[in-house]
Number of protein chains: 2
Amino acid sequence: MPVVVVNVMPKPEILDPQGKAVTGALTRMGHQGFSVRQGKRFEIEVEGDLTQARLEEVRQFAESLLANTVIENFEVIS
Amino acid sequence: MPVVVVNVMPKPEILDPQGKAVTGALTRMGHQGFSVRQGKRFEIEVEGDLTQARLEEVRQFAESLLANTVIENFEVIS
């Protein structure tokens, strides 16, 4: 079945406490010089053919349900 | 600065309650025929050059810190 990926990341201007925590943990464990931002990855299996309409449906619910577009950016990859 | 992406996803044989919840919410909202798995995406900015050694360092901490390899798969993309 076709799979569409939706990546959701905190906007660059938004604080990212999870990413900050990971960056801090890495530094404390001796991994210097990394800056981490943490987001979400959705792998969406689509029943049937991945038509243009289906892909648009994914884009719509990615925007309205998967991402909080006040604080997050998203991309749809098919 | 170079960015390395680490994707962490629940293994196929592992239940994914977050993904199941998203799938259920989509179905209830009229989006039929989608099956969602939810994982994490890390975007890692690397200070300086992305040498082979630095990339190996990312691979190592992805395996030991970012992913729980008992229940999750990961991939490193540079």
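Just above sits the structure.
Residues numbered from 1 in each chain as written. Chains lettered and ligands numbered in written order. Predicted model: local features only at pLDDT ≥ 70, side-chain atom pairs only at ≥ 80, totals over all residues. Heavy atoms only, no water.

Right, let's talk about the interface of chain B and chain A for a bit. With 30 residues of chain B at the contact, the number on the chain A side is 30 residues. Between chain B and chain A, a total of about 2600 Å² is buried, with carbon and sulfur atoms accounting for 62% of that surface. The largest per-residue losses of area from chain B upon contact with chain A belong to F34, R41 and E43 of chain B, which jointly make up 23% of the total buried on that side. Viewed at the interface, chain A and chain B are joined by 0 salt bridges. Along the contact surface separating chain B from chain A lie 13 residue pairs in polar contact (both at pLDDT 80 or more). Looking at the side of chain B that touches chain A, the elements with two or more residues in it are β1 (3-10), α1 (17-28), β2 (34-46) and α2 (52-66) of chain B. (Contact = heavy atoms within 4.5 Å. Buried area = accessible area lost by both parts, 1.4 Å probe. Salt bridge = Lys/Arg side-chain N within 4 Å of Asp/Glu carboxyl O. Polar contact = N/O pair within 3.5 Å; in protein donor to acceptor, adjacent residues only side chain to side chain. Helix = DSSP H or I, 4+ residues; strand = E, 2+ residues; numbered from the N terminus.)

To continue, consider the packing of aromatic side chains. Inspection of every chain in the model, using the stated rule, returns 2 aromatic pairs over all chains. For the pair F34 of chain A and F61 of chain B, a centre-to-centre distance of 5.1 Å together with 80 degrees between the ring planes defines the contact as edge-to-face. Note that F34 of chain A is positioned in strand β2 (residues 34-46) and F61 of chain B in helix α2, a pairing that runs across two chains. On the basis of relative accessibility, which here comes to 0%, the residue F61 of chain B falls in the buried class. (Phe/Tyr/Trp six-rings, centres within 6.5 Å; stacked < 30°, edge-to-face > 60°. Buried < 20%, exposed > 50% of the residue type's maximum accessible area, 1.4 Å probe, protein only.)

Right, let's talk about helix α1 (residues 17-28) of chain A for a bit. Because an α-helix packs 3.6 residues into every turn, residues spaced three or four apart end up facing the same way. With 12 residues, α1 of chain A should reach 16 Å at 1.5 Å per residue; the first-to-last C-alpha distance of 16 Å fits that figure. Looking at α1 of chain A, one finds that the buried residues are G19, V22, T23 and L26 of chain A. Projection of α1 of chain A onto a plane perpendicular to its axis shows the buried side chains occupying an angular sector of 100 degrees, all on one side. Of the residues in α1 of chain A, the exposed ones pointing more than 90 degrees away from the buried face are P17, K20 and R28 of chain A. Contacts made by the buried residues of α1 of chain A are with β2 of chain A together with β2 and α2 of chain B. (Expected span 1.5 Å × (residues − 1). Arc of directions from axis to C-beta.)

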